Amino acid sequence: MSAPASSSAALPIAHVVLRILIVVNWLSGAAILALLVVMPNEQWIMSAFKLSPSPEAERLVMGLRAIAVLGLAAIPLNYAILKRLLAMVETVRAGDPFVAINADRLQTIAWTLFALQLLSLVIGAIARHVSTPEHPLHLDAGFSINGWLAVLLTFLLARVFAEGTLMREDLAGMV
């Protein structure tokens, strides 16, 4: 027989990890913003990538700036996911995960993951466009089968939670 959910060691760990990820997410946003605002010097970027002045170098710098701006757009999306996951962990800790709000949270997470996958496609396209044989730009962005599977799985899980909530309400009405 398994222990009740409230005594599971995984829940406090998940809670702490999600809190840490929220802080890391905001720190990442601050770092990206600092790169865009504090260090917008084109010479600095060109020397970091060992570029000599040329149209290709200018295109690469503009592409990197566009990617950084899109990276900033990902920060609130990540935050939306993390906050909803944290709230779901709290309902599990309370012993009541199959509630309508969790189905809604999962639905929102699924749409947010979808938006992040689209953002990754755009970032990957920019990276391919500005990359040159002399200065290739390799990013972990673009199409991800695992990312799209996560989107589908989350939509499915949201539906499972919605159905579970309805079944629970029906059962409570019968008793």
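Residues numbered from 1 in each chain as written. Predicted model: local features only at pLDDT ≥ 70, side-chain atom pairs only at ≥ 80, totals over all residues. Heavy atoms only, no water.

Turning to its location among the elements, Leu 18 is positioned in helix H1 (residues 10–37). Spatially, the C-alpha atoms of Leu 18 and Asn 78 are 11 Å apart, while their sequence positions differ by 60 residues. Setting aside its immediate chain neighbours within four residues, Leu 18 contacts Leu 82, Leu 85, Leu 86 and Val 89. (Helix = DSSP H or I, 4+ residues; strand = E, 2+ residues; numbered from the N terminus. Contact = heavy atoms within 4.5 Å.)

So, on to H1. Across its 28 residues, H1 extends 40 Å between first and last C-alpha, which sits within 8% of the 40 Å expected from 1.5 Å per residue. Looking at the buried residues of H1, the elements they touch are helix H3 (55–93). (Expected span 1.5 Å × (residues − 1).)

What follows concerns the packing of H1 against H3. Viewed as axis vectors pointing N to C, H1 and H3 meet at an angle of 165°, and their least axial separation amounts to 9 Å. Classed by the angle they form, the pair H1 and H3 counts as roughly antiparallel. In this structure, H1 crosses over H3, and the sense of that crossing is left-handed. In the contact of H1 with H3, the residues fall into 19 nonpolar, six polar and five charged. (Axes fitted to C-alpha atoms, helices over the stretch in contact; angles between N-to-C directions. Parallel < 35°, antiparallel > 145°, perpendicular 65-115°, else oblique. Left-handed = near helix turned anticlockwise from the far one by under 90°. Nonpolar A, V, L, I, M, F, W, Y, C, P; charged D, E, K, R; others polar.)

When the pLDDT values of the chain are averaged, the result is 87; 93% of them are 70 or greater. Model confidence for the chain, summarised as mean pLDDT per element, is weakest for helix H2 (residues 42–48) at 72 and strongest for helix H4 (residues 100–130) at 95. (pLDDT = per-residue confidence, 0-100.)

Glancing now at the packing of aromatic side chains. This model, assessed by the stated rule, comprises five aromatic pairs. Aromatic pair Trp 26 and Tyr 79: ring centres 5.1 Å apart, planes at 50°, arrangement tilted. Taken together, the positions of Trp 26 in helix H1 and Tyr 79 in helix H3 put the pair 53 residues apart, joining distant regions of the chain. Note on Trp 26: relative accessible area 43%, which makes it partly exposed. Where Trp 111 meets Phe 155, the ring centres are 5.0 Å apart and the plane angle is 85°; that geometry is what we call edge-to-face. Of this pair, Trp 111 sits in helix H4 while Phe 155 sits in helix H5 (residues 145–174), and the two are 44 residues apart along the sequence. In this structure an aromatic cluster arises from ring pairing among Trp 111, Phe 114, Trp 148 and Phe 155. (Phe/Tyr/Trp six-rings, centres within 6.5 Å; stacked < 30°, edge-to-face > 60°. Buried < 20%, exposed > 50% of the residue type's maximum accessible area, 1.4 Å probe, protein only.)

Below, the discussion takes up the environment of Ala 87. Residue position: Ala 87 is located in helix H3. Along the backbone, Ala 87 and Glu 169 are 82 residues apart, and their C-alpha atoms lie at a distance of 21 Å.

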